[in-house]
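Topology and contacts: notes
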Amino acid sequence: MSRAVVYDTFGGPEVLELREVPQPHAGPGEVRVRVAALGLNPMDWILTSMPEVAAQFGITLPSGFGTDFAGVVDEVGEGISGFAVGDRVYGGALGRAAADSAVVDPSTDSLLHTPAGISDEVAGTLSVAGLTASAVLEAAEVKAGDTVLIGGAAGGVGVLVVQLAKLAGARVIGTASEGTFDFLRQLGADPVTYGPGLEDRVRAMAPDGVSAASDLFGTETAEAALGLGVPAQRISTIAAGPNPPGGVRATGGFNARPEDLGRIADAVAAGEITVPIAATYPIDRLREAVELQAQRHAHGKIVVTL
Ligand SMILES: NC(=O)c1ccc[n+]([C@@H]2O[C@H](COP(=O)([O-])OP(=O)(O)OC[C@H]3O[C@@H](n4cnc5c(N)ncnc54)[C@H](OP(=O)(O)O)[C@@H]3O)[C@@H](O)[C@H]2O)c1
């Protein structure tokens with residue numbers, strides 16, 4: 001037997017139960033990972049609480065929980081090459097990460113080798129946020145010399161977007177609440193409060209203009225960027241719903257290439273960027289971790305360990 005988080009009905013964190021389940025095995029073309037840590041994303045509890053979204057992702061009840069993970073390969077199925085028992089790995093497997101054993105298909109899930117020098121706690125946060133950050137910056141065509149406005153800059157995706165934009169040679173202005181300003185400054189961003197008047201505040205901070213923008217929280221930043229004269233094709237969004245404003249570019253992790261994620265992990269290993277961990281919880285306190293994530297004021301990532 002091994003443990004897995006399972007839910008039988010849709011709802012809040014209270015539906016998540018840590019249960020003893022039969023030990024799963026890697027079938028042909030699959031790899032079994034002994035999970036050591038998983039990072040939370042808003043999508044995890046959105047899938048748990050919104051049946052209509054879960055249906056879009058093919059999730060049926062009872063379901064497992066969690067996507068991002070890191071750990072060690074402890075079984076490989078027939079036909080697997082490139083992964084062996086004992087390899088440290090990380091990646092993303094929708095609805096399967098919160099378990100002692102996650103069975104992963106490298107042809108459809110994300111599965112990469114963990115670079116030396118990165119802990120499981122950090123590697124286990126990288127898949128969704130890393131792929132998404134990469135897609136966000138590519139869609140906004142961020143490059144050296146840009147002044148980039150990032151909405152929701154201190155969140156799990158934002159901390160990577162900010163640092164990768166800085167690494168690319170851009171100036172970054174990031175939205176946050178005032179209590180988050182020092183945190184954002186440490187990442188290299190110039191902080192600005194979100195909320196009414198954003199456009200004017202950013203205009204005062206960047207009199208020579210803003211050249212690109214990424215909205216990681218609703219549509220406020222995308223709308224401010226349009227008002228500041230940023231061309232719609234240089235504004236990317238990941239959280240605007242089906243109708244982003246003014247022709248801006250909706251994107252997401254699904255648009256990134258697997259090698260983009262590997263490059264981000266290498267940048268972490270090289271110390272070029274960091275992954276701030278807001279809080280770490282043991283798996284038997286998963287519900288608290290989910291509650292904290294769902295408040296939407298985390299600075300960086302929330303991690304759960306097994
Ligand atoms: N399309 C995709 O592939 C994809 C992938 C990943 C995520 N997403 C979506 O992208 C969004 C961001 O994900 P995440 O993991 O970065 O979320 P997160 O970690 O929960 O974001 C938390 C951050 O949001 C900030 N925030 C709170 N209220 C805000 C507001 N009104 N305006 C601007 N920022 C605000 C907070 O800053 P303060 O603490 O300073 O308030 C906090 O730092 C979510 O909606 C998620 O579902 C989409």
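Residues numbered from 1 in each chain as written. Predicted model: local features only at pLDDT ≥ 70, side-chain atom pairs only at ≥ 80, totals over all residues. Heavy atoms only, no water.

Of the regular secondary structure elements, the protein chain holds ten helices and 16 strands. The principal-axis extents of the C-alpha atoms in the protein chain amount to approximately 60 × 40 × 35 Å. Considering only contacts within the protein chain whose residues lie at least 6 apart along the sequence, 65% involve residues at least 24 apart. Surface exposure of the protein chain reaches about 12,600 Å², of which carbon and sulfur atoms provide 53%. Put simply, the protein chain has 20 plus and 36 minus side-chain charges, and the middle of one group is 4 Å from the middle of the other. (Helix = DSSP H or I, 4+ residues; strand = E, 2+ residues; numbered from the N terminus. Contact = heavy atoms within 4.5 Å. Areas by Shrake-Rupley, 256 points an atom, 1.4 Å probe, with all protein chains shown as cover. Lys, Arg positive; Asp, Glu negative; His and termini not counted. Charge placed at Lys NZ, Arg CZ, Asp CG, Glu CD.)

To continue, consider the nonpolar core. In this structure, Y90, L126, V142, L160 and V161 are the most contacted members of the largest nonpolar core, which totals 43 residues. Secondary structure elements with two or more residues in this core: α3 (120-123), α4 (126-139), β9 (147-151), α5 (158-167), β10 (171-176), α6 (181-187) and α9 (258-269). Counting residues per element, this core draws most heavily on α4, which supplies seven residues. The contact partners of V161, leaving out residues within four places of it in the chain, are A133, V136, L137, I150 and L216. Core analysis: the next-biggest nonpolar cluster, separate from the first, contains 35 residues, Y7, L40, W45 and A54 among them. (Core = buried A, V, L, I, M, F, W, Y, C linked by side-chain atoms within 4.5 Å. Buried < 20%, exposed > 50% of the residue type's maximum accessible area, 1.4 Å probe, protein only.)

Here the focus is the sheet that holds β9. Judged by pairing direction, the sheet is parallel, and its six strands sit side by side in the order β11-β10-β9-β12-β13-β14 without closing on themselves. At either end of the open sheet lies a strand with only one pairing partner, and these are β11 (190-193) and β14 (249-250). Of the pairings in the sheet, the one linking strand β13 (residues 235-237) to β14 comprises two bridges and is parallel in character. When the bridges of β14 are listed, T237 appears paired with A250. Contacting β9, β10 and β11, helix α7 (residues 198-205) runs over the sheet at an angle of about 155° to β11. Each of β9, β10, β12 (212-215) and β13 touches helix α8 (residues 220-227); the most contacted strand, β12, lies at about 160° to it. (Pairing = 2+ DSSP bridges. Axes fitted to C-alpha atoms, helices over the stretch in contact; angles between N-to-C directions.)

Here the focus is the sheet that holds strand β2 (residues 17-21). Judged by pairing direction, the sheet is antiparallel, and its three strands sit side by side in the order β2-β1-β4 without closing on themselves. Two strands bound the open sheet, and with one partner strand each, they are β2 and β4 (63-64). Relative to β4, strand β1 (residues 2-7) runs antiparallel, the two being bridged by two bridges. Bridge pairing links V6 to G64 in β4.

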